[in-house]
Amino acid sequence: MTNYFDVLGIPKKLDVDVNELEKIYHDLSKKNHPDFFLNLGEEKYLEALGKSSQINQAYKSFRDPLTRVNYILALDAPQLLAEKDNSVAPDLLMKVMEIQETIEAHHDAPADKKEEIVNELADIKRDLNGDVNNILEEISNVFKKYDEEAEKGNDTIEQLMKLKTLLHKRNYINTLIHTINAEVFGGEKIKH
C-alpha cells in the first residue's frame, strides 16, 4: 500500500491543517504535472503521471477528516477495518424504534394529524443532527489523542477502535436522517 503521508511529505497525523495540506497539494501538483515531462520521454512522462495520480489520491484521502481516519485504519489496523460491526448502541436502538413508529404513524395518519407528526419528525431529525455534531466533536478529540500517542511512539489501537465505533455510529445516524428525509420530507431513498 502506498503511504500517502510519504507521497505528500507530511507527518502521519489525524489532526491535519487543511489549509497547509492544500498548499502542499498545489505545490506538489505543479512540480509533478505530467505535461512538464512530455519532452523527456515516455518513461519520465509515465512516472510523472503515476506520481501525479498518487498526489491527487493522497489529497483526496486526507482533505476530509473521515476519509483520513479510514486511510489510517487501513494503514495501521487493516484487521480492525475489515471487522464488520452491525451492532447498534442501545440508546440508538431506542431512537430507531421511536423513529420507525413515528414514520409508520405518519403514513397511517389522517391528513389533519400529519402536520403534527411531521413536526415531531423534524424535531427528531434536529436531535439526530445534534448527535452527529457531538460525534464529530468526539472524533476531533480522539484525533488529538491519537496524534499525541503516535508522537510518543505508543500504541494507538485504542484510539483507532474508538474512531471506528464513532464512525459506525455517525453513519448509522446519518442513515436514520436520510430515512426520515426519504419517508417524510420527499428525499431520495437509499439504494442498496
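Right above here is the structure, for reference.
Conventions adopted
Residues numbered from 1 in each chain as written. Predicted model: local features only at pLDDT ≥ 70, side-chain atom pairs only at ≥ 80, totals over all residues. Heavy atoms only, no water. Salt bridge = Lys/Arg side-chain N within 4 Å of Asp/Glu carboxyl O. Helix = DSSP H or I, 4+ residues; strand = E, 2+ residues; numbered from the N terminus. Buried < 20%, exposed > 50% of the residue type's maximum accessible area, 1.4 Å probe, protein only. Axes fitted to C-alpha atoms, helices over the stretch in contact; angles between N-to-C directions. Parallel < 35°, antiparallel > 145°, perpendicular 65-115°, else oblique. Contact = heavy atoms within 4.5 Å. Core = buried A, V, L, I, M, F, W, Y, C linked by side-chain atoms within 4.5 Å. Phe/Tyr/Trp six-rings, centres within 6.5 Å; stacked < 30°, edge-to-face > 60°. Lys NZ or Arg CZ within 6 Å of the ring centre and 35° of its normal.

A. Layout of the pattern of salt bridges. In total, this model carries six salt bridges according to the counting rule given. A salt bridge links K12 to D76, with the nearest nitrogen and oxygen atoms 2.6 Å apart. In this pair, K12 sits in the loop between α1 (4-8) and α2 (18-31) while D76 sits in helix α4 (residues 65-76), placing the two residues 64 residues apart along the sequence. By relative accessible area, which is 27% here, D76 ends up partly exposed. Among the salt bridges present, the one from E158 reaches K162, with a minimum N-O distance of 3.6 Å. Remark: K162 and E158 occur in helix α8 (residues 157-184); sequence separation between them is four residues, near one turn of the helix.

B. Quick peek at the packing of α2 against helix α3 (residues 42-63). Here α2 crosses α3 at 170°, and the two axes come no closer than 10 Å. When the axis of α2 is compared with that of α3, the two are roughly antiparallel. Residue-level inspection shows V18, L21, E22, Y25, L28 and S29 of α2 in contact with α3, the latter providing I55, N56, Y59, F62 and R63.

C. Examining the nonpolar core more closely. Counting 46 residues, the largest nonpolar core has L8, F62, L128, I139, L160 and L163 as the members making the most contacts within it. Taken together, the elements giving at least two residues each to this core come down to α1, α2, α3, α4, α6 (90-108), α7 (111-151) and α8. The leading source of residues in this core is α7, at ten residues.

D. Expanded view of the packing of aromatic side chains. Tallied over the entire structure, the rule returns six aromatic pairs. Centroid distance Y4 to Y71: 5.0 Å. Interplanar angle 20°. Geometry classified as stacked. Of this pair, Y4 sits in helix α1 while Y71 is found in helix α4, placing the two residues 67 residues apart along the sequence. The two residues Y4 and Y71 agree in class, both being buried. Considering the side-chain rings of Y25 and Y59, the 4.0 Å spacing of their centres and the 10° angle between planes classify their relative orientation as stacked. Of this pair, Y25 sits in helix α2 while Y59 sits in helix α3, and the two are 34 residues apart along the sequence. Grouping aromatic residues by their ring pairs yields a cluster made of Y4, F5, F62 and Y71. If you follow K125 out to its NZ or CZ, it ends over the ring of F185, 4.8 Å from the centre.

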